[in-house]
Structure formats: C-alpha cells, structure tokens
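# Secondary and tertiary structure notes
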Amino acid sequence: MKTQRILSAVITCIWIFVSCSHSQSEQLENIKCIENYSIEVTGDHMQIYGGDCRSISAFVEERNCMLAYNHMLHRIDIIDLDNKKPFKYIPLKKEGPDGVNGISGLALFNNTVILQANNVFCQINMDGQVLSRCTIEQLLKPFPGFSTMVPDAQMYLNLYNSLSFDEVNGTIAFVIYSHQKEDGEYPKKAIMLSCIDWKIKDVIDIHYPQNLKEEEKLGMLGRVNVLPHGDSLIYNFPASSDIYIYNRKRQSVETYSAEVSYTQPLYSYPDEGNDLTTGYYFPIRYDSRKKIFWRIQQRPVDGNGIWGKPFSIAQLSSDFKVVNEYVLPAEKHVAPVPLFTDKAIFFPYVGGEFFTENNMVFYGLEYL
C-alpha cells in the first residue's frame, strides 16, 4: 500500500512537471513594443503595400523577408527585414504563357511562389515563369450551384484576407458558397487543394454552430475564414470569437471559445442607420517559425473602414486558449497584417518621425 502511495506521488509529480513544462513552452518570450522600425527604399517601392492581402512574411535564402506585390511595376518585391533593405524582386508578365494578372494573394512554397490571381491559382519560379496553373472554374465543375461569391458579403468585405495556405504541406484552402438557402443558411464547403498537382485533397462541409442558427445571426456570419494546417482545417467566423477545428482523419469538429478581453465574443447587429459599425475577428494566422497561432480582432469601428483603428493580437495555445493579448494603438495607423520573423512581429503603418517617401515604417512586437 505504501509502495502504491509513493508510486502515485511520483506519477503526480511527473504529471505536474510535464504540465508546467508544456504550459511554459506555449508562453512566448517577453514581448515589447517597438516603433519606427524603418526600411529605406526607393521610389520603385510602395511604402504601404505591406498593408493589404498581397504581402506575406517568408524565409528567403536564410533571411527574414517580406514578399509584397508591387502593382505599379507588376512584380513581387522581396524586402530583407533583418538588414532593412530591398533584397530582390520577381518580375511578372501580363501576357503570353507566363502572363498573370489581378494578383490577390501570394505564398512561398519550396522556393516557388504560389499566386492567387483573377480566378486562377498558379505556381511561378523565382524568375517569374509560370510552372503550373489551375482555374477556379475547373475546380468548381463538381459543385453545381456553388461559387466563391460570399452571400451577405456587404457585412464583412475583408480587404485583408491573405491566401489561405499551409506552407509546410503546400495546401490551399478556400470556401465556396451556395446562394440557395437550406434550413435558414447558405450551405458552404471548404476545398483543400494541393498546389503540387492542383488536385483536390478534401472537401469539407462547414456548418454553423447550433446556437447561432437563428436567421438574424446568420447574416453576421456569412463569411468563413479558413486555414489548412496538417490534417486539420481551422475556421472561424468574422463575428464570433469561437474557433472550429475539423479533423480530417476523424471527420469531426471541435469548438474552442477563444474569448479575449479586448472585445465581445459575439458581435450583434448595429443600430439602424449604422450598418458599417460592426467589429471583426480576422482569420487565424500561423507563425511557422515559432509554431504559434495568432488572431487579430477589432472592436466595432466608425463606418470609415478598419485602417488605422486600434486592434488586439492574441497568441493562441495548441488547444486554442488565449495565452497573451496585445493591444496596438489607433494613433499609429497600423494595418492589421502581421509579418512574422524569428525576432519580432511587424505591422506596416503610416506615421512616425521616420515615415517619408523613401522609408517604409513598421510597428512591432519584439521578442526579448
């Protein structure tokens, strides 16, 4: 009996140690705010193009970089964030077999660039040559009555959606919508697509949670944000703090209520006449360097868009609990577009003493 008690105590101590170690491993190093992190650029570069969906962070030739689409010169600029200078660029063509236009998202995979452009996904090399492509029209043939157009899009037209991409496995995810309601909602599916051979890896039905199936709430949840991650599809709705994880192997969904202190867990309809004052929960983002999930959220805004408004960024644990939360101030005119490096999280912004036509300026959270 005594031996059993000792063994039980030892097991308990080991469990507590492992639990504490796991908890500590999910806490980032201390973070401090840094302002006026600036990069000197030429007139060929756009000082604020980091503030839209066509910019990402990536590790290029062992450098922390920002890749951004330069629509004035129709090329992809690569900015070295470590050495604070432009690194190189990828030229794009508008016509011919390598022609690509209407860039709306990009990602980096195995030293190639994945582009989302004018209802096309394509893969290009670092010289701008198109290696392969696939049209949305081809992908939607098995789904009559569905399109990528979002019902009730006027509620949540998000200018900051990035290409939903798993950079480890080379998987794209996007949502298609039926415009015919069934049981009070618009049916929707997430398509997981391999950018290696442009074959559909999985098609997942996305359902509203039961407690949100009242018609007046469905309108707020018209859009779905998705993120492919290994064998899972992570999705969230712009009006709700809840996060849903679909496990493709088990074909089951788990729900996590990732509430933050900055704003309310579920937005309600605004008063009549103020139909643009609603807030927003942005898509889940994954920092592959630190292996950490992040999510940005804003409070209801004033009807003049979300640029330059305060927001918070929350660090999420592996079980999607809020571990840390940081509020970025409104007066900085920060864009809610995180760029991850192994040293900091950067956000492009307009303002500060170093912002000029020859400087690109960032606000950041630096790891200590």
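Refer to the structure above for everything that follows.
Below you will find a few notes about this structure. (Residues numbered from 1 in each chain as written. Predicted model: local features only at pLDDT ≥ 70, side-chain atom pairs only at ≥ 80, totals over all residues. Heavy atoms only, no water.)

With that settled, consider the overall build of the protein. The helix and strand inventory of the protein stands at 3 helices and 26 strands. A buried classification covers 52% of the 368 residues belonging to the protein. For the protein, long-range pairs separated by at least 24 residues make up 53% of all intrachain contacts whose partners lie at least 6 apart in sequence. Carbon and sulfur atoms make up 50% of the accessible area of the protein, which totals about 17,800 Å². (Helix = DSSP H or I, 4+ residues; strand = E, 2+ residues; numbered from the N terminus. Buried < 20%, exposed > 50% of the residue type's maximum accessible area, 1.4 Å probe, protein only. Contact = heavy atoms within 4.5 Å. Areas by Shrake-Rupley, 256 points an atom, 1.4 Å probe, with all protein chains shown as cover.)

Below, the discussion takes up the sheet that holds strand S5 (residues 85-91). Sheets are built from strands paired through backbone hydrogen bonds, the pairs being either parallel or antiparallel. Within the open sheet, the 4 strands sit side by side as S2-S3-S4-S5. Their pairing is antiparallel. Each having just a single partner strand, strand S2 (55-60) and S5 make up the two edges of the open sheet. Shown here is a sheet whose adjacent strand axes are inclined to one another by a mean of 30°, direction ignored. In terms of strand pairing, strand S3 (residues 63-70) meets strand S4 (residues 75-80) through 6 bridges, oriented antiparallel. Its bridge partner being in S4, Leu67 is matched across the sheet by Ile78. (Pairing = 2+ DSSP bridges. Axes fitted to C-alpha atoms, helices over the stretch in contact; angles between N-to-C directions.)

Once that is clear, we can look at the side chain of Asp287. Considering the arrangement of structural elements, one finds Asp287 in strand S20 (residues 285-287). For Asp287, which is buried and forms no salt bridge, the nearest opposite charge comes from Arg289, at a distance of 4.4 Å. Once residues within four sequence positions are removed from consideration, Asp287 is found in contact with Ile292, Trp294, Phe340 and Tyr367. (Lys, Arg positive; Asp, Glu negative; His and termini not counted. Salt bridge = Lys/Arg side-chain N within 4 Å of Asp/Glu carboxyl O.)

Next up on the list: the nonpolar core. By size, the foremost hydrophobic cluster in this structure holds 23 residues, and its most contacted members are Ile206, Val224, Val226, Leu233, Tyr235 and Phe237. Every element with two or more residues in this core is listed here: strand S12 (171-178), strand S13 (188-194), strand S14 (200-206), strand S16 (232-236) and strand S17 (242-247). At 3 residues, S12 tops the list of elements feeding residues into this core. Excluding anything up to four places from it in sequence, Val226 contacts Ser164, Ala173, Phe174, Val175, Ala190, Ile206, Leu233, Ile234 and Tyr235. Among the nonpolar cores identified, the runner-up in size contains 22 residues, and Cys65, Leu92, Leu106 and Ala117 belong to it. (Core = buried A, V, L, I, M, F, W, Y, C linked by side-chain atoms within 4.5 Å.)

Glancing now at the environment of Asn225. Residue position: Asn225 is located in strand S15 (residues 225-229). The exposure class of Asn225 is buried, given its relative accessible area of 3%. Spatially, the C-alpha atom of Asn225 lies 9.9 Å from that of Ser162, the residues being 63 residues apart in sequence.

Let us now look at the sheet that holds strand S26 (residues 359-367). As summarised here, the arrangement of the 4 strands in space is S1-S26-S25-S24, forming an open sheet in which the pairing is antiparallel. If you trace the sheet from one side to the other, it starts and ends with strand S1 (31-40) and strand S24 (339-340), each paired once. Inspection of the sheet shows strand S25 (residues 344-348) paired to S26 by 5 bridges, in the antiparallel sense. Its bridge partner lying in S26, Phe347 is registered against Tyr363.

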